[in-house]
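Per-entry structural report
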Amino acid sequence: MKTSGSIGPTLSGKRIVLGVTGSIAAYKAVALLRTLLSEGANVHVVMTQSAMKFVAPLTFEVLSDHPVSTDLFEAHQEMKHLSLSEQADAIVIAPATANCLAKSALGLGDDLLSTMLLTARCPLILAPAMDGGMWTHPTVREHVATLRARGTIVLDTEEGPLASGRIGQGRLAEESAILEAIQTALAPQRDWQGHRILVSAGPTHEPIDPVRFISNRSSGKMGYAIAEAAQARGAQVVLVSGPTALPTPSGVEIIPVATAEEMMKALSTRLAWSTVVIMAAAVADFRPTQRASIKIKKRERIGHTLNLERTSDILAALSAQRTTQLMVGFAAETNDMIAHAKDKLTAKGLDLIVANDVTIEGGGFGSDQNAATLIDRQGSITELPLMPKRTLADAILSHAQGLLHSNKRSIQGANPLAGGR
Ligand code: CTP
């Protein structure tokens, strides 16, 4: 089956993992598999134990031309959860039971499919199916909301006759809706096309002498992830980076800097070019008042004090000079995160601030993951749970995109940004 109006297979060369969980709607996954194959996808099916009570794995095996994976602990399936999810372009679970939604929302991994979700870095599409009373249960609603906030695509269920004999909400989404969600998730998003984004990343080094400096724990991973995501979404990106060990994302222009002063200069020079500034760098707030030109000998400095002075607040300075740029800052906090972040949003004249608690386990400096709270100038507060920094980068860009649209609307009206703050 082809979607109406599609020209040739739309999923050609895409590797899709089709997860099937234990719902009566599991039989519909067979038809979905055939559709995905006819759209050119290479599909691996993963079934839960309860799914196998509804449909035999052999059906999927024969149609997909791949063995069906069912068990985390089978010898030949060693590390299957890693290899399958790492190679997948998308993971689709249809039908997804309430139990599957709960495990995914809570990060539980007690079988192959749920463990795979914990290692997945690709779009995840869940098509739930369950009885109407379950679909509207507050716990299920909470799990759906958590998953959606995290960027997982959770389709709505359809209304109609249910397996219980009742009529209600809870039927698996139509196959065309599932296919469309997969096609949309895999189509390259170009929503930042036409934008020029200035991103800063990494720490700064404030020299004491030729061999010593003051710095902080920033790895640059968050800023680099933003630069990479913005480039992938069509923006022209200039990345002003403090010293990091990271490779430059492809298609991104990099300006390497070391000190806060150099970072300020590089960013100021490109401010007029940019339409958006995202300040993810962890700029050192202090630098030594004097920089020795030769190495300070330790015996000369016993008992001496290192005198420090404040560096400029780059973001506040850029914000004061901006014309129509959207300004996004970060707030690295260890306590009273929301209050401190709100103060910075106002004090630095920002449109959006990404607040993160740098002490949380599994997140913060150097980690590949982070959790954050987005606070925008309209007062909205969005909590994003722990997720890969690349996924977080996309969530930040999507939120900023929304603010740009509301800027456009207000520029047509009162024009609060132009020539202003
Ligand atoms: N920032 C900046 N220049 C500085 C310090 C910070 O541009 N000299 C930017 C950061 O890149 C970040 C935002 O300001 O986007 C907030 O940085 P953060 O370190 O959280 O706060 P500070 O402003 O340094 O305040 P404090 O150290 O008191 O928390």
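Quick note: structure is the one above.
Residues numbered from 1 in each chain as written. Predicted model: local features only at pLDDT ≥ 70, side-chain atom pairs only at ≥ 80, totals over all residues. Heavy atoms only, no water.

Pairing geometry for strand S9 (residues 206-209) and strand S10 (residues 212-214), over 3 bridges, is antiparallel. Bridge pairing in S10 links Pro207 to Phe213. With antiparallel pairing between neighbouring strands as the criterion, S9 and S10 make up a hairpin whose turn holds 2 residues. (Pairing = 2+ DSSP bridges. Helix = DSSP H or I, 4+ residues; strand = E, 2+ residues; numbered from the N terminus.)

A separate point is the packing of aromatic side chains. Counted by the stated rule, this structure contains 0 aromatic pairs. When the ring centre of Trp273 is taken as reference, the NZ or CZ atom of Arg270 above it lies at 5.1 Å. (Phe/Tyr/Trp six-rings, centres within 6.5 Å; stacked < 30°, edge-to-face > 60°. Lys NZ or Arg CZ within 6 Å of the ring centre and 35° of its normal.)

This part is about the nonpolar core. Formed by 34 residues in total, the largest nonpolar core has its most connected members in Trp192, Ile197, Ile226, Ile278, Phe330, Ile396 and Leu397. Those residues in contact with Ile226 that sit more than four places away from it in its chain are Val199, Ile278, Ala280, Phe330, Ala393, Ile396 and Leu397. By size, the runner-up hydrophobic cluster in this structure holds 33 residues, among which are Leu33, Val55, Val68 and Val92. (Core = buried A, V, L, I, M, F, W, Y, C linked by side-chain atoms within 4.5 Å. Buried < 20%, exposed > 50% of the residue type's maximum accessible area, 1.4 Å probe, protein only. Contact = heavy atoms within 4.5 Å.)

Here helix H1 (residues 28-38) crosses helix H2 (residues 57-64) at 10°, and the two axes come no closer than 10 Å. The angle between the axes of H1 and H2 places the two elements in the roughly parallel class. Only Thr59, Phe60, Leu63 and Ser64 of H2 make contact with H1, whose side of the interface consists of Ala29, Val30, Leu33, Arg34 and Leu37. Of the residues assigned to the contact of H1 with H2, the class counts are 6 nonpolar, 2 polar and 1 charged. (Axes fitted to C-alpha atoms, helices over the stretch in contact; angles between N-to-C directions. Parallel < 35°, antiparallel > 145°, perpendicular 65-115°, else oblique. Nonpolar A, V, L, I, M, F, W, Y, C, P; charged D, E, K, R; others polar.)

The environment of the ligand is made up of 15 residues, and the closest members are Ala281, Leu315, Phe330, Lys344 and Lys348. In this structure, Ser312 approaches the ligand through a main-chain N or O atom, which is 3.0 Å from a nitrogen atom. In this structure, Lys348 approaches the ligand through a side-chain N or O atom, which is 2.5 Å from an oxygen atom. Burial of the ligand by the protein chains amounts to 77% of its free accessible area of 570 Å². Mapped by element, the contributors of at least two residues to the shell around the ligand are helix H11 (314-321) and strand S16 (326-333). (Near = heavy atom within 4 Å. Polar contact = N/O pair within 3.5 Å; in protein donor to acceptor, adjacent residues only side chain to side chain. Areas by Shrake-Rupley, 256 points an atom, 1.4 Å probe, with all protein chains shown as cover.)

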